[in-house]
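# Overview (structure and organization)
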Amino acid sequence: MRIEQNYSLERHNTFRLPVRSRWFMEYSSEEELERILHDEYFQECHSLHIGSGSNLLFLNDFNGIILHSAIKGITVAEVSEESVLLRVGAGELWDDVVAYAVSHGWYGIENLTGIPGEAGAAAVQNIGAYGAEFKDAVEKIEAYNRLTFEKVAFMKSDCDYAYRYSRFKNEHNDPCIITYIYIRLSKRGELNLAYAGLKELLRNVESPSLADVRRAVAALRAEKLPDFEKLGNAGSFFMNPLVDRSVYEKLKAQYPTMPFYSSEELSKVKIPAGWLIEQCGLKGKRHGAVGVYDKQALVLVNLGGATGDEIALMAESIRQAVSDKFGIELLPEVKYVF
Ligand code: EPU
(Lines give C-alpha, C1' and ligand atoms only; values in the text may rest on other atoms or scores of the structure.)
Protein backbone atom coordinates (compact mmCIF):
# COMPACT_ATOMS: atom_id res chain seq x y z
CA MET A 1 0.00 0.00 0.00
CA ARG A 2 1.20 3.48 -0.75
CA ILE A 3 0.09 6.48 1.28
CA GLU A 4 1.19 10.03 0.45
CA GLN A 5 0.30 13.34 2.03
CA ASN A 6 -0.11 16.70 0.24
CA TYR A 7 0.35 14.85 -3.00
CA SER A 8 0.57 16.34 -6.52
CA LEU A 9 -2.14 15.06 -8.86
CA GLU A 10 -0.51 16.55 -11.95
CA ARG A 11 0.37 13.10 -13.31
CA HIS A 12 -3.05 11.78 -12.23
CA ASN A 13 -5.19 14.03 -14.44
CA THR A 14 -4.74 14.24 -18.17
CA PHE A 15 -5.58 17.97 -18.26
CA ARG A 16 -2.28 18.12 -16.36
CA LEU A 17 -3.66 20.56 -13.80
CA PRO A 18 -1.16 21.04 -10.98
CA VAL A 19 -3.67 20.36 -8.19
CA ARG A 20 -2.85 18.53 -4.95
CA SER A 21 -4.74 16.17 -2.67
CA ARG A 22 -4.52 16.06 1.11
CA TRP A 23 -3.98 12.29 0.92
CA PHE A 24 -3.31 9.79 -1.83
CA MET A 25 -3.80 6.09 -1.11
CA GLU A 26 -2.96 3.38 -3.58
CA TYR A 27 -3.76 -0.27 -2.89
CA SER A 28 -2.45 -3.31 -4.77
CA SER A 29 -4.80 -6.05 -3.59
CA GLU A 30 -8.34 -6.65 -2.37
CA GLU A 31 -6.97 -7.17 1.15
CA GLU A 32 -5.34 -3.74 1.13
CA LEU A 33 -8.55 -2.16 -0.17
CA GLU A 34 -10.52 -3.85 2.63
CA ARG A 35 -8.10 -2.47 5.19
CA ILE A 36 -8.60 1.05 3.84
CA LEU A 37 -12.39 0.74 3.74
CA HIS A 38 -12.50 -0.42 7.37
CA ASP A 39 -10.25 2.38 8.57
CA GLU A 40 -12.13 4.89 10.73
CA TYR A 41 -10.15 7.89 9.51
CA PHE A 42 -10.88 6.91 5.92
CA GLN A 43 -14.58 6.60 6.70
CA GLU A 44 -14.65 10.12 8.17
CA CYS A 45 -12.85 11.72 5.22
CA HIS A 46 -14.19 12.94 1.94
CA SER A 47 -12.76 10.57 -0.68
CA LEU A 48 -12.72 10.03 -4.41
CA HIS A 49 -11.64 6.94 -6.30
CA ILE A 50 -9.83 7.74 -9.54
CA GLY A 51 -8.36 5.78 -12.42
CA SER A 52 -5.85 7.58 -14.65
CA GLY A 53 -7.76 10.85 -14.32
CA SER A 54 -8.45 10.91 -18.05
CA ASN A 55 -12.02 12.02 -17.56
CA LEU A 56 -11.69 14.42 -14.62
CA LEU A 57 -11.66 18.18 -14.24
CA PHE A 58 -10.26 19.27 -10.87
CA LEU A 59 -11.56 22.72 -9.95
CA ASN A 60 -9.53 22.96 -6.74
CA ASP A 61 -7.03 21.09 -4.64
CA PHE A 62 -8.76 18.00 -3.24
CA ASN A 63 -9.27 18.30 0.48
CA GLY A 64 -9.64 14.60 1.19
CA ILE A 65 -8.37 11.19 0.15
CA ILE A 66 -7.76 10.22 -3.45
CA LEU A 67 -7.95 6.44 -3.79
CA HIS A 68 -6.27 4.62 -6.62
CA SER A 69 -6.18 0.95 -7.59
CA ALA A 70 -2.91 -0.73 -8.47
CA ILE A 71 -4.60 -4.14 -8.70
CA LYS A 72 -2.91 -5.64 -11.73
CA GLY A 73 -3.01 -8.86 -13.69
CA ILE A 74 -4.53 -10.18 -16.87
CA THR A 75 -5.37 -13.88 -16.59
CA VAL A 76 -7.46 -16.33 -18.57
CA ALA A 77 -10.37 -17.32 -16.33
CA GLU A 78 -12.05 -19.64 -18.82
CA VAL A 79 -11.32 -20.95 -22.26
CA SER A 80 -13.40 -22.80 -24.84
CA GLU A 81 -13.13 -23.53 -28.55
CA GLU A 82 -14.93 -20.30 -29.38
CA SER A 83 -13.89 -17.84 -26.73
CA VAL A 84 -11.79 -16.85 -23.75
CA LEU A 85 -12.83 -15.06 -20.60
CA LEU A 86 -10.20 -12.63 -19.32
CA ARG A 87 -10.02 -11.54 -15.69
CA VAL A 88 -8.37 -8.14 -15.48
CA GLY A 89 -7.29 -6.14 -12.43
CA ALA A 90 -9.03 -2.74 -12.28
CA GLY A 91 -5.65 -0.98 -12.15
CA GLU A 92 -4.42 -2.34 -15.49
CA LEU A 93 -4.13 0.24 -18.24
CA TRP A 94 -7.01 -0.34 -20.63
CA ASP A 95 -4.81 -0.15 -23.70
CA ASP A 96 -2.51 -2.85 -22.29
CA VAL A 97 -5.57 -5.11 -22.12
CA VAL A 98 -6.37 -4.34 -25.76
CA ALA A 99 -2.74 -4.99 -26.77
CA TYR A 100 -2.83 -8.31 -24.89
CA ALA A 101 -6.06 -9.40 -26.61
CA VAL A 102 -4.83 -8.41 -30.07
CA SER A 103 -1.46 -10.11 -29.62
CA HIS A 104 -3.27 -13.37 -28.72
CA GLY A 105 -5.61 -13.10 -31.71
CA TRP A 106 -8.74 -12.58 -29.60
CA TYR A 107 -11.53 -10.41 -31.02
CA GLY A 108 -13.84 -7.93 -29.35
CA ILE A 109 -11.99 -4.90 -28.01
CA GLU A 110 -9.58 -3.99 -30.82
CA ASN A 111 -11.71 -0.97 -31.85
CA LEU A 112 -11.20 0.39 -28.32
CA THR A 113 -7.47 0.80 -28.98
CA GLY A 114 -5.66 3.77 -27.52
CA ILE A 115 -8.33 4.97 -25.08
CA PRO A 116 -6.53 6.43 -22.07
CA GLY A 117 -7.49 5.17 -18.63
CA GLU A 118 -7.65 2.00 -16.60
CA ALA A 119 -9.78 -1.14 -16.80
CA GLY A 120 -11.89 -0.25 -13.75
CA ALA A 121 -12.75 3.18 -15.14
CA ALA A 122 -13.54 1.65 -18.54
CA ALA A 123 -16.23 -0.37 -16.76
CA VAL A 124 -17.65 2.64 -14.90
CA GLN A 125 -17.72 4.85 -17.97
CA ASN A 126 -18.66 2.26 -20.61
CA ILE A 127 -15.97 3.63 -22.88
CA GLY A 128 -16.74 3.58 -26.57
CA ALA A 129 -15.18 4.44 -29.91
CA TYR A 130 -15.17 3.46 -33.57
CA GLY A 131 -18.37 1.43 -33.43
CA ALA A 132 -17.63 -0.52 -30.23
CA GLU A 133 -18.36 -0.13 -26.55
CA PHE A 134 -16.99 -1.73 -23.41
CA LYS A 135 -20.42 -3.22 -22.73
CA ASP A 136 -20.18 -5.35 -25.88
CA ALA A 137 -17.37 -7.39 -24.33
CA VAL A 138 -17.87 -7.28 -20.55
CA GLU A 139 -19.37 -10.32 -18.84
CA LYS A 140 -18.98 -9.69 -15.12
CA ILE A 141 -17.69 -7.09 -12.68
CA GLU A 142 -16.30 -7.75 -9.20
CA ALA A 143 -16.38 -4.90 -6.70
CA TYR A 144 -16.57 -3.88 -3.07
CA ASN A 145 -19.61 -2.17 -1.70
CA ARG A 146 -18.30 0.87 0.17
CA LEU A 147 -21.21 0.97 2.60
CA THR A 148 -21.53 -2.69 3.56
CA PHE A 149 -17.84 -3.58 2.90
CA GLU A 150 -19.10 -6.68 1.10
CA LYS A 151 -17.54 -8.17 -1.95
CA VAL A 152 -20.13 -8.11 -4.73
CA ALA A 153 -20.39 -9.33 -8.31
CA PHE A 154 -22.52 -7.93 -11.11
CA MET A 155 -23.31 -9.69 -14.35
CA LYS A 156 -23.43 -7.43 -17.42
CA SER A 157 -27.24 -7.30 -17.31
CA ASP A 158 -27.08 -5.89 -13.75
CA CYS A 159 -24.78 -3.05 -14.75
CA ASP A 160 -27.40 -0.87 -16.54
CA TYR A 161 -25.01 -0.17 -19.38
CA ALA A 162 -25.94 2.57 -21.84
CA TYR A 163 -24.05 5.25 -23.78
CA ARG A 164 -21.23 6.41 -21.43
CA TYR A 165 -23.27 5.14 -18.49
CA SER A 166 -23.40 2.30 -15.95
CA ARG A 167 -24.90 1.59 -12.52
CA PHE A 168 -21.52 2.57 -11.05
CA LYS A 169 -22.20 6.19 -12.09
CA ASN A 170 -25.66 6.29 -10.54
CA GLU A 171 -25.50 8.06 -7.21
CA HIS A 172 -28.72 6.38 -6.06
CA ASN A 173 -26.98 2.99 -6.06
CA ASP A 174 -24.60 1.95 -3.29
CA PRO A 175 -21.12 3.18 -4.16
CA CYS A 176 -18.92 0.37 -5.38
CA ILE A 177 -15.21 0.07 -6.04
CA ILE A 178 -14.44 -2.19 -8.97
CA THR A 179 -11.62 -4.64 -8.35
CA TYR A 180 -11.76 -6.96 -11.38
CA ILE A 181 -13.48 -6.96 -14.75
CA TYR A 182 -14.22 -10.06 -16.83
CA ILE A 183 -14.33 -9.69 -20.58
CA ARG A 184 -15.40 -12.30 -23.10
CA LEU A 185 -13.37 -12.34 -26.32
CA SER A 186 -13.99 -14.39 -29.40
CA LYS A 187 -11.34 -16.65 -30.90
CA ARG A 188 -13.06 -16.62 -34.28
CA GLY A 189 -14.64 -13.25 -34.32
CA GLU A 190 -15.34 -11.00 -37.17
CA LEU A 191 -13.92 -7.52 -37.44
CA ASN A 192 -16.25 -4.65 -36.67
CA LEU A 193 -15.74 -2.15 -39.49
CA ALA A 194 -19.07 -0.36 -39.09
CA TYR A 195 -17.35 2.99 -38.48
CA ALA A 196 -16.99 4.46 -41.96
CA GLY A 197 -13.56 6.03 -41.37
CA LEU A 198 -12.15 2.72 -40.20
CA LYS A 199 -13.52 0.81 -43.17
CA GLU A 200 -12.13 3.47 -45.47
CA LEU A 201 -8.67 3.28 -43.92
CA LEU A 202 -8.59 -0.51 -44.38
CA ARG A 203 -10.06 -0.40 -47.87
CA ASN A 204 -6.84 -1.45 -49.56
CA VAL A 205 -5.81 -4.05 -47.00
CA GLU A 206 -6.67 -7.55 -48.06
CA SER A 207 -8.19 -9.59 -45.18
CA PRO A 208 -7.27 -7.14 -42.45
CA SER A 209 -6.05 -8.66 -39.20
CA LEU A 210 -6.70 -7.59 -35.63
CA ALA A 211 -3.31 -5.87 -35.64
CA ASP A 212 -4.31 -3.95 -38.80
CA VAL A 213 -7.46 -2.73 -37.04
CA ARG A 214 -5.46 -1.73 -33.98
CA ARG A 215 -3.06 0.24 -36.18
CA ALA A 216 -5.89 1.87 -38.13
CA VAL A 217 -7.72 2.93 -34.97
CA ALA A 218 -4.49 4.35 -33.56
CA ALA A 219 -4.03 6.33 -36.81
CA LEU A 220 -7.61 7.66 -36.67
CA ARG A 221 -7.13 8.73 -33.07
CA ALA A 222 -3.80 10.41 -33.82
CA GLU A 223 -5.46 12.39 -36.61
CA LYS A 224 -8.27 13.80 -34.47
CA LEU A 225 -7.35 13.57 -30.79
CA PRO A 226 -4.46 15.34 -29.07
CA ASP A 227 -1.90 13.37 -27.07
CA PHE A 228 -2.35 14.42 -23.45
CA GLU A 229 1.40 14.05 -22.87
CA LYS A 230 1.87 17.00 -25.22
CA LEU A 231 -1.38 18.93 -24.78
CA GLY A 232 -3.43 18.34 -21.63
CA ASN A 233 -7.00 17.20 -22.41
CA ALA A 234 -9.65 14.71 -21.33
CA GLY A 235 -10.87 13.46 -24.71
CA SER A 236 -14.46 14.37 -25.51
CA PHE A 237 -15.45 17.04 -23.03
CA PHE A 238 -19.19 16.65 -23.74
CA MET A 239 -21.36 13.66 -24.53
CA ASN A 240 -23.09 13.53 -27.88
CA PRO A 241 -26.66 14.70 -27.17
CA LEU A 242 -29.60 12.37 -27.74
CA VAL A 243 -32.46 14.40 -29.20
CA ASP A 244 -36.04 13.54 -30.11
CA ARG A 245 -36.43 12.45 -33.69
CA SER A 246 -38.69 15.48 -34.37
CA VAL A 247 -35.87 17.84 -33.27
CA TYR A 248 -33.47 15.96 -35.50
CA GLU A 249 -35.86 16.17 -38.51
CA LYS A 250 -36.14 19.95 -38.12
CA LEU A 251 -32.39 20.41 -37.87
CA LYS A 252 -31.75 18.07 -40.78
CA ALA A 253 -34.06 20.18 -42.97
CA GLN A 254 -32.06 23.26 -42.03
CA TYR A 255 -28.60 21.62 -42.16
CA PRO A 256 -28.82 18.79 -44.71
CA THR A 257 -25.19 17.75 -44.18
CA MET A 258 -25.55 17.39 -40.41
CA PRO A 259 -24.04 14.05 -39.34
CA PHE A 260 -25.98 11.85 -36.89
CA TYR A 261 -25.88 8.46 -35.20
CA SER A 262 -28.99 6.33 -34.91
CA SER A 263 -29.68 5.38 -31.34
CA GLU A 264 -30.78 2.17 -29.60
CA GLU A 265 -33.89 4.17 -28.63
CA LEU A 266 -35.75 4.49 -31.91
CA SER A 267 -37.45 7.75 -30.99
CA LYS A 268 -34.07 9.42 -30.40
CA VAL A 269 -31.16 10.43 -32.60
CA LYS A 270 -27.63 11.21 -31.44
CA ILE A 271 -26.04 14.34 -32.89
CA PRO A 272 -22.24 14.76 -32.76
CA ALA A 273 -21.54 17.53 -30.25
CA GLY A 274 -18.29 18.30 -32.11
CA TRP A 275 -20.31 19.24 -35.19
CA LEU A 276 -22.68 21.46 -33.16
CA ILE A 277 -19.71 23.24 -31.56
CA GLU A 278 -18.00 23.71 -34.91
CA GLN A 279 -21.21 25.21 -36.36
CA CYS A 280 -21.09 27.79 -33.57
CA GLY A 281 -17.73 28.90 -34.95
CA LEU A 282 -15.85 27.72 -31.87
CA LYS A 283 -13.48 25.15 -33.33
CA GLY A 284 -9.90 26.29 -32.71
CA LYS A 285 -11.07 29.14 -30.46
CA ARG A 286 -8.70 30.10 -27.64
CA HIS A 287 -9.26 31.96 -24.44
CA GLY A 288 -6.18 32.45 -22.30
CA ALA A 289 -4.61 29.05 -21.75
CA VAL A 290 -7.68 27.06 -22.85
CA GLY A 291 -8.44 26.04 -26.40
CA VAL A 292 -11.06 24.18 -28.41
CA TYR A 293 -8.95 21.64 -30.29
CA ASP A 294 -8.65 22.61 -33.94
CA LYS A 295 -9.07 19.06 -35.29
CA GLN A 296 -11.98 17.96 -33.06
CA ALA A 297 -14.18 20.61 -31.45
CA LEU A 298 -15.38 18.21 -28.76
CA VAL A 299 -11.99 18.31 -27.08
CA LEU A 300 -10.86 21.14 -24.80
CA VAL A 301 -7.12 21.53 -24.38
CA ASN A 302 -4.84 23.02 -21.76
CA LEU A 303 -2.47 25.12 -23.85
CA GLY A 304 -0.18 25.44 -20.82
CA GLY A 305 -0.92 26.80 -17.37
CA ALA A 306 -4.73 26.63 -17.49
CA THR A 307 -6.74 26.21 -14.29
CA GLY A 308 -9.77 24.00 -13.81
CA ASP A 309 -11.96 27.10 -13.46
CA GLU A 310 -10.76 28.47 -16.80
CA ILE A 311 -11.54 25.18 -18.53
CA ALA A 312 -14.97 25.10 -16.87
CA LEU A 313 -15.65 28.68 -18.05
CA MET A 314 -14.78 27.77 -21.62
CA ALA A 315 -17.05 24.70 -21.36
CA GLU A 316 -19.87 26.88 -20.08
CA SER A 317 -19.52 29.35 -22.96
CA ILE A 318 -19.64 26.42 -25.42
CA ARG A 319 -22.71 24.95 -23.71
CA GLN A 320 -24.41 28.36 -23.88
CA ALA A 321 -23.53 28.92 -27.56
CA VAL A 322 -24.89 25.49 -28.61
CA SER A 323 -28.01 26.03 -26.52
CA ASP A 324 -28.62 29.47 -28.08
CA LYS A 325 -28.08 28.33 -31.65
CA PHE A 326 -29.68 24.87 -31.61
CA GLY A 327 -31.74 24.70 -28.42
CA ILE A 328 -29.77 21.57 -27.48
CA GLU A 329 -28.25 21.24 -24.00
CA LEU A 330 -24.83 19.62 -23.98
CA LEU A 331 -23.91 17.56 -20.93
CA PRO A 332 -20.29 17.10 -19.91
CA GLU A 333 -18.76 13.66 -20.26
CA VAL A 334 -15.94 14.86 -18.02
CA LYS A 335 -16.56 14.66 -14.27
CA TYR A 336 -16.07 17.91 -12.35
CA VAL A 337 -14.29 17.49 -9.01
CA PHE A 338 -14.90 20.28 -6.50
N1 EPU B 1 -17.42 16.58 -36.39
C2 EPU B 1 -17.39 17.88 -36.87
N3 EPU B 1 -16.55 18.76 -36.25
C4 EPU B 1 -15.77 18.40 -35.20
C5 EPU B 1 -15.81 17.09 -34.72
C6 EPU B 1 -16.66 16.18 -35.33
O7 EPU B 1 -18.08 18.23 -37.80
O8 EPU B 1 -15.02 19.26 -34.72
C9 EPU B 1 -18.26 15.60 -37.10
C10 EPU B 1 -17.39 14.61 -37.87
O11 EPU B 1 -17.07 15.07 -39.12
C12 EPU B 1 -18.26 13.38 -37.92
C13 EPU B 1 -19.05 13.45 -36.63
O14 EPU B 1 -18.97 14.80 -36.17
O15 EPU B 1 -19.14 13.46 -38.99
C16 EPU B 1 -18.54 12.51 -35.57
O17 EPU B 1 -17.18 12.78 -35.28
P18 EPU B 1 -16.20 11.63 -34.75
O19 EPU B 1 -16.34 10.41 -35.58
O20 EPU B 1 -14.86 12.23 -34.57
O21 EPU B 1 -16.79 11.22 -33.36
P22 EPU B 1 -17.48 11.99 -32.17
O23 EPU B 1 -18.92 11.68 -32.17
O24 EPU B 1 -17.10 13.44 -32.19
C25 EPU B 1 -17.27 9.99 -30.54
C26 EPU B 1 -16.75 9.74 -29.14
C27 EPU B 1 -15.23 9.64 -29.13
C28 EPU B 1 -14.80 8.53 -30.08
C29 EPU B 1 -15.34 8.84 -31.47
C30 EPU B 1 -15.02 7.78 -32.48
C31 EPU B 1 -18.36 10.76 -27.66
C32 EPU B 1 -18.66 11.87 -26.71
N33 EPU B 1 -17.17 10.79 -28.26
O34 EPU B 1 -16.79 11.29 -30.91
O35 EPU B 1 -14.85 9.27 -27.80
O36 EPU B 1 -13.38 8.42 -30.12
O37 EPU B 1 -16.79 8.97 -31.40
O38 EPU B 1 -15.90 6.72 -32.38
O39 EPU B 1 -19.19 9.87 -27.82
C40 EPU B 1 -14.18 10.17 -25.70
O41 EPU B 1 -15.22 9.70 -25.25
O42 EPU B 1 -13.37 10.80 -24.97
C43 EPU B 1 -13.91 10.03 -27.12
C44 EPU B 1 -12.86 10.58 -27.69
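Described below are features of the structure shown in this document. (Residues numbered from 1 in each chain as written. Predicted model: local features only at pLDDT ≥ 70, side-chain atom pairs only at ≥ 80, totals over all residues. Heavy atoms only, no water.)

The next thing to look at is helix H9 (residues 308–326). Relative to the 27 Å expected for 19 residues at 1.5 Å per residue, H9 spans 27 Å between its end C-alpha atoms, a close match to the ideal helical length. Within the sequence span of H9, burial applies to Gly308, Ile311, Ala312, Met314, Ala315, Ile318, Val322, Ser323 and Phe326. Just downstream of H9 lies Gly327, where phi reads positive at about 70°. (Helix = DSSP H or I, 4+ residues; strand = E, 2+ residues; numbered from the N terminus. Expected span 1.5 Å × (residues − 1). Buried < 20%, exposed > 50% of the residue type's maximum accessible area, 1.4 Å probe, protein only.)

Attention now moves to the side chain of Asn55. Along the chain, Asn55 falls in the loop between strand E3 (47–50) and strand E4 (56–58). Overall, Asn55 belongs to the buried group, its relative accessible area being 16%. Apart from the residues lying within four places of it in its own chain, the contact partners of Asn55 are Gln125, Ala234, Glu333, Val334 and Lys335. (Contact = heavy atoms within 4.5 Å.)

Tallied over the full model, the rule gives 15 aromatic pairs. For the pair Phe134 and Tyr161, a centre-to-centre distance of 6.0 Å together with 70° between the ring planes defines the contact as edge-to-face. Residue Phe134 is found in the loop between strand E9 (132–133) and strand E10 (138–145), and its partner Tyr161 is found in the loop between strand E11 (151–155) and strand E12 (176–186); the two are separated by 27 residues along the sequence. On the accessibility criterion, Tyr161 (13% relative accessible area) is buried. Ring geometry for Trp275 against Phe326: centres 5.9 Å apart, planes inclined by 45°, an arrangement best described as tilted. (Phe/Tyr/Trp six-rings, centres within 6.5 Å; stacked < 30°, edge-to-face > 60°.)

Within the structure, the ligand sits among 24 residues, and Tyr130, Arg164, Tyr195, Tyr261 and Glu278 are positioned closest to it. The separation between an oxygen atom of the ligand and a polar side-chain atom of Asn240 is 2.8 Å. Considering the ligand on its own, with 810 Å² of exposed area, one finds that the protein chains cover 82% of that surface. Among the elements of the structure, strand E8 (128–129), strand E13 (232–236) and helix H8 (273–279) are those that each provide at least two residues to the shell around the ligand. Sort the elements by how many residues they give to the shell around the ligand and H8 lands first, with three residues. The residue inventory of the shell around the ligand, partitioned by class, reads 13 nonpolar, six polar and five charged. (Near = heavy atom within 4 Å. Polar contact = N/O pair within 3.5 Å; in protein donor to acceptor, adjacent residues only side chain to side chain. Areas by Shrake-Rupley, 256 points an atom, 1.4 Å probe, with all protein chains shown as cover. Nonpolar A, V, L, I, M, F, W, Y, C, P; charged D, E, K, R; others polar.)

On the basis of which strands lie adjacent, the open sheet formed by three strands has the order E14-E16-E15 and antiparallel pairing. Edge positions in the sheet fall to strand E14 (242–244) and strand E15 (261–262), since each has one partner strand and no second. One ladder, built from three bridges, connects E14 with strand E16 (residues 268–270); its direction is antiparallel. Bridge pairing in E16 places Leu242 opposite Lys270. The strands that helix H7 (residues 245–254) touches are E14 and E16; relative to E14, the one it contacts most, it runs at about 90°. (Pairing = 2+ DSSP bridges. Axes fitted to C-alpha atoms, helices over the stretch in contact; angles between N-to-C directions.)

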